[in-house]
Amino acid sequence: MITLKNINKSFGELDVLNDISIQFEAGKTNLIIGQSGSGKTVLLKSIIGLLDVDTGYIYYDDRDFTNMNFKDKKEIRKEMGMVFQGGALFDSLSVEENVKFPLDMFSAMSEDEKKERVSFCLDRVDIKKAHKLYPAEISGGMQKRVAIARAIALNPRYLFCDEPNSGLDPVTAIVIDQLIQEITKEYNMTTIINTHDMNSVMEIGEKILFINKGVKAWEGCSDEIFDTENQALNNFVFASNLFKKIKSKL
Amino acid sequence: MSFFENIGQYILFLKRVVSKPEKGRVFFAQIIKEIYKLGVNSVGIVVIISVFMGAVISLQTAYNLVNPLLPDYLVGYTTRESMILEFSSTIVGLILAGKVGSNIASEIGSMRVTEQIDALEIMGINSASYLIFPKIIAAVFINPFLYVLSVFVGITGGLMASYMAGTVSVPDFIYGVQVDLIPYYIIYSLIKTLVFAFIITSVPSFYGYYVSGGALEVGKASTKAVVNSSILILLANLILTQLLLK
């Protein structure tokens, strides 16, 4: 479980996040949604510690991440897995070396155990014959799957995904979404996904935080999103003709 | 960013770079990889440049020794001294600042813009230390070997040019290479090589590490890295020469 309390963040004169509070639960796919520039990437980067918040608190279960010293933050980061928008796979390493990387750095496993774990993680994300290939040699969808495999290699308690299905076709995007949801349940992880993809919202939005202009504008789940009275959220959700038609038929 | 801010950020960056590695075995493997990338892959260009530099120095010296009182062996002597004192350390340093420096800045910069550095940080790895410390150690280790190679190949180039152009006999040239050798000059140049190796790796890494934006910014960082590390090499050359040869 990750809890945010009164998070504020600004860059110079520009207020990017304003008094955000929410609890992200374990075993659920928690989504942060909002328009481009709404502050969701800054929020995600603040949660994982790539940016420092100005005021407020971030708790990983009962551990205060905001006031943690560097050493403790480093320890907690070993419990995090992250899937970046572009995959962020290491170019100079092959697919299996990418997945093995966190094991090399942080585990005391033998080489055989590491190999076994790498195979397990790659099988889990359905990567079969690309173990020796380099990131540049595989498709965008495969890169995302390898990134997920790398993120789960150390059995993390917290999984973060920044736009995990951007640039993917709708079929592959749903496969990635479902994979993240399955893994979340399987390992009872606290998963936070940053997205503006409405298909993801409807598919896996078990808990949704909608941010508008740096402010928490709505909190709920995918079942509630169609009935909301929140104008900003309605504008966001029903921006496309497809969703407008779906709503009119409901 | 102002000049002083840059210097301050560079010092803080070095503090992050020079920290205890996460895992000794992985760190050692990285150093070996970097020795190959930065050193072994530079052997070709060092050999080519040194051969031609040595050849040109010997020919220029020979064609300018018009006074019959000056002995022929001065051609070999001048070639050796030029290679040892300046060319094999400073000029090779400048060439490597271009080759290795742009390579490092663009590699680290690309890693930054594609979030690979963020990925390392999220894993709890000190990305600056993991990526850059092995490069500095590798260059500081391998560049003295490149220096020695350059001196040897440069003198050989000078000998070949003199022989082929018929400017000086081989025994005279070889005598010139051996006469009045001051070993301290080699130590002086090796010290310079070590300092240049540090500049060649740390300055481009700094520019690459703090890139923000996209491919265009990576290109700009690469150019800045080469220009600034070249200027720093020239400055360090002047300071070290004054300090060590006084």
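Computed from a predicted structure; not experimentally measured.

1. A closer look at the overall build of chain B
Part 1 of the argument: Along chain B, the regular secondary structure elements total nine helices and zero strands.
Part 2 of the argument: Order of helices (α) and strands (β) in chain B, N terminus to C terminus: α-α-α-α-α-α-α-α-α.
Part 3 of the argument: For chain B, the C-alpha atoms occupy an extent of roughly 70 × 40 × 35 Å along the three principal directions.
Part 4 of the argument: The proportion of buried residues among the 246 residues of chain B is 48%.
Part 5 of the argument: Counting contacts in chain B only where the partners sit at least 6 residues apart, residues at least 24 apart contribute 86% of the total.
Part 6 of the argument: In chain B, which carries 15 positive and 13 negative side-chain charges, the distance between the mean positions of the two groups comes to 9 Å.

2. Quick notes on empty space enclosed by the protein
Part 1 of the argument: Per the stated rule, a full pass over the model turns up six cavities of 30 Å³ or more.
Part 2 of the argument: What the largest cavity holds in volume is close to 140 Å³.
Part 3 of the argument: In terms of lining residues, the largest cavity is bounded by 13 residues, among which A:Met80, A:Gly81, A:Arg150, A:Ala151 and B:Met123 are the most central.
Part 4 of the argument: With three residues, strand β6 (residues 80-83) of chain A is the single largest residue contributor to the lining of the largest cavity.
Part 5 of the argument: Tallied by class, the residues present in the lining of the largest cavity amount to nine nonpolar, one polar and three charged.

3. Overview of the packing of aromatic side chains
Part 1 of the argument: In the structure shown here, the tally under the stated rule is 18 aromatic pairs over all chains.
Part 2 of the argument: Where B:Tyr10 meets B:Phe206, the ring centres are 5.5 Å apart and the plane angle is 80°; that geometry is what we call edge-to-face. Here B:Tyr10, found in helix α1 (residues 3-17), pairs with B:Phe206, found in helix α8 (residues 183-209); they are 196 residues apart in sequence, far enough to count as distant. Residues B:Tyr10 and B:Phe206 agree in their burial class; the two are buried.
Part 3 of the argument: Arranged with centres 4.9 Å apart and planes meeting at 90°, the rings of B:Tyr73 and B:Tyr175 form a pair that is edge-to-face. Placement of the pair is B:Tyr73 in the loop between α3 (43-64) and α4 (74-113) and B:Tyr175 in helix α7 (residues 170-178), with a sequence separation of 102 residues.
Part 4 of the argument: Among the residues examined, B:Tyr73 registers a relative accessible area of 26% and is labelled partly exposed.
Part 5 of the argument: Seen from the ring of A:Phe90, A:Arg150 lies directly overhead, with NZ or CZ sitting 4.7 Å from the centre.

4. Things to note about the packing of α4(B) against α8(B)
Residue and element names in this part refer to chain B.
Part 1 of the argument: Where α4 meets α8, the closest approach of the two axes is 7 Å, and the angle between their N-to-C directions is 15°. One element, α4, and the other, α8, form an angle in the roughly parallel class. Along this stretch, α4 crosses α8, giving a crossing that reads as right-handed.
Part 2 of the argument: A class-by-class count of the residues in the contact of α4 with α8 yields 15 nonpolar, 10 polar and four charged.

5. Some words on unusual backbone geometry
Part 1 of the argument: In this model, A:Asp19 sits at a positive phi of 55°, which is unusual for a non-glycine residue.
Part 2 of the argument: Tracing the chain through its elements places A:Asp19 in strand β2 (residues 14-24).
Part 3 of the argument: Under the relative-accessibility criterion, A:Asp19 is labelled partly exposed at 43%.
Part 4 of the argument: Its identity as a non-glycine residue notwithstanding, B:Glu115 has a phi of 65°, on the positive side.
Part 5 of the argument: Of note, B:Glu115 is situated in the loop between α4 and α5 (116-122).

6. What to know about the interface of chain A and chain B
Part 1 of the argument: Listed per partner, the contact involves 26 residues of chain A and 18 residues of chain B.
Part 2 of the argument: Approximately 1900 Å² of surface area, both sides summed, lies buried where chain A meets chain B, with 61% of it carried by carbon and sulfur atoms.
Part 3 of the argument: Per-residue buried area on chain A facing chain B is highest for A:Phe84, A:Phe90 and A:Met105; these three make up 27% of the total on that side.
Part 4 of the argument: At the surface where chain A touches chain B, the tally comes to one salt bridge.
Part 5 of the argument: Put simply, B:Glu22 and A:Lys74 hold a salt bridge, and the shortest N to O gap is 3.0 Å.

7. Regarding the environment of B:Leu59
Residue and element names in this part refer to chain B.
Part 1 of the argument: Mapped onto the elements, Leu59 comes out in helix α3.
Part 2 of the argument: A sequence separation of 56 residues divides Leu59 from Phe3, and the C-alpha atoms of the two residues are 43 Å apart.
Part 3 of the argument: With sequence-adjacent residues up to four places away left out, Leu59 is seen in contact with Ala161, Ala165 and Thr167.

8. A few points about the UniProt feature "domain: ABC transporter" (unreviewed entry) in chain A
Part 1 of the argument: On the UniProt side, "domain: ABC transporter" (unreviewed entry) is annotated at positions that read residues 2-238 of chain A here.
Part 2 of the argument: For residues 2-238 of chain A, helix accounts for 39% and strand for 26%, while the C-alpha atoms at its two ends are 29 Å apart.

9. Observations concerning the nonpolar core
Part 1 of the argument: The biggest cluster of nonpolar side chains holds 81 residues, and the ones touching the most others in it are A:Ile2, A:Leu4, A:Leu43, A:Ile47, A:Tyr60 and A:Phe160.
Part 2 of the argument: Here this core gets 10 residues from one element, more than from any other, and that element is helix α6 (residues 127-165) of chain B.
Part 3 of the argument: Apart from the residues within four sequence positions on either side, A:Tyr60 is in contact with A:Met1, A:Ile2, A:Ile47, A:Ile48, A:Phe65, A:Ile76, A:Met80, A:Tyr158 and A:Phe160.
Part 4 of the argument: Of all hydrophobic cores here, the second largest spans 44 residues; its members include A:Val118, A:Val146, A:Ile152 and A:Ala153.

10. Some words on the layout of surface pockets
Part 1 of the argument: The computed volume of the largest pocket comes to approximately 740 Å³.
Part 2 of the argument: Taken together, 30 residues form the lining of the largest pocket, with A:Leu93, A:Phe101, B:Gln30, B:Lys33 and B:Tyr130 sitting closest to its centre.
Part 3 of the argument: Broken down by secondary-structure element, the contributors of at least two residues to the lining of the largest pocket are α3 (95-106) and α4 (111-124) of chain A together with α2 (24-39), α4, α5 and α6 of chain B.
Part 4 of the argument: The greatest single-element share of the lining of the largest pocket, amounting to seven residues, is contributed by α2(B).
Part 5 of the argument: Residues belonging to the lining of the largest pocket are distributed by class as follows: 10 nonpolar, seven polar and 13 charged.
Part 6 of the argument: Of the volumes computed, that of the second largest pocket is approximately 420 Å³.
Part 7 of the argument: Residue lining of the second largest pocket: 13 residues in total, with A:Gly49, A:Leu50, A:Leu51, A:Asp52 and A:Arg77 positioned closest to the centre.
Part 8 of the argument: When contributions to the lining of the second largest pocket are tallied by element, the ones reaching two or more residues are α1 (40-48) and α2 (70-77) of chain A together with α5 of chain B.
Part 9 of the argument: Among the residues forming the lining of the second largest pocket, the class breakdown is four nonpolar, two polar and seven charged.

11. What to know about a negative patch on the surface
All names here are of chain A.
Part 1 of the argument: Taken together, Glu13, Asp15, Asp52 and Asp54 make up a surface patch of like negative charges.
Part 2 of the argument: As for its placement among the helices and strands, Asp52 is situated in the loop between α1 and β4 (55-60).
Part 3 of the argument: Residue class for Asp52 comes out exposed when judged on its relative accessible area of 52%.

How each quantity is defined
Residues numbered from 1 in each chain as written. Chains lettered and ligands numbered in written order. Predicted model: local features only at pLDDT ≥ 70, side-chain atom pairs only at ≥ 80, totals over all residues. Heavy atoms only, no water. Helix = DSSP H or I, 4+ residues; strand = E, 2+ residues; numbered from the N terminus. Buried < 20%, exposed > 50% of the residue type's maximum accessible area, 1.4 Å probe, protein only. Contact = heavy atoms within 4.5 Å. Lys, Arg positive; Asp, Glu negative; His and termini not counted. Charge placed at Lys NZ, Arg CZ, Asp CG, Glu CD. 1 Å grid on protein atoms, 1.4 Å probe; cavity = no way out; pocket = protein on both sides within 12 Å on 5 of 7 lines; lining within 4 Å. Points joined across faces, edges and corners; volume = space filled by probe spheres on them. Nonpolar A, V, L, I, M, F, W, Y, C, P; charged D, E, K, R; others polar. Phe/Tyr/Trp six-rings, centres within 6.5 Å; stacked < 30°, edge-to-face > 60°. Lys NZ or Arg CZ within 6 Å of the ring centre and 35° of its normal. Axes fitted to C-alpha atoms, helices over the stretch in contact; angles between N-to-C directions. Parallel < 35°, antiparallel > 145°, perpendicular 65-115°, else oblique. Left-handed = near helix turned anticlockwise from the far one by under 90°. Buried area = accessible area lost by both parts, 1.4 Å probe. Salt bridge = Lys/Arg side-chain N within 4 Å of Asp/Glu carboxyl O. UniProt positions renumbered as here; feature names shortened; annotations may be inferred. Core = buried A, V, L, I, M, F, W, Y, C linked by side-chain atoms within 4.5 Å. Patch = residues over 30% accessible without salt bridge, like charges linked within 9 Å, V, L, I, M, F, W, Y side chains within 5 Å. Areas by Shrake-Rupley, 256 points an atom, 1.4 Å probe, with all protein chains shown as cover.

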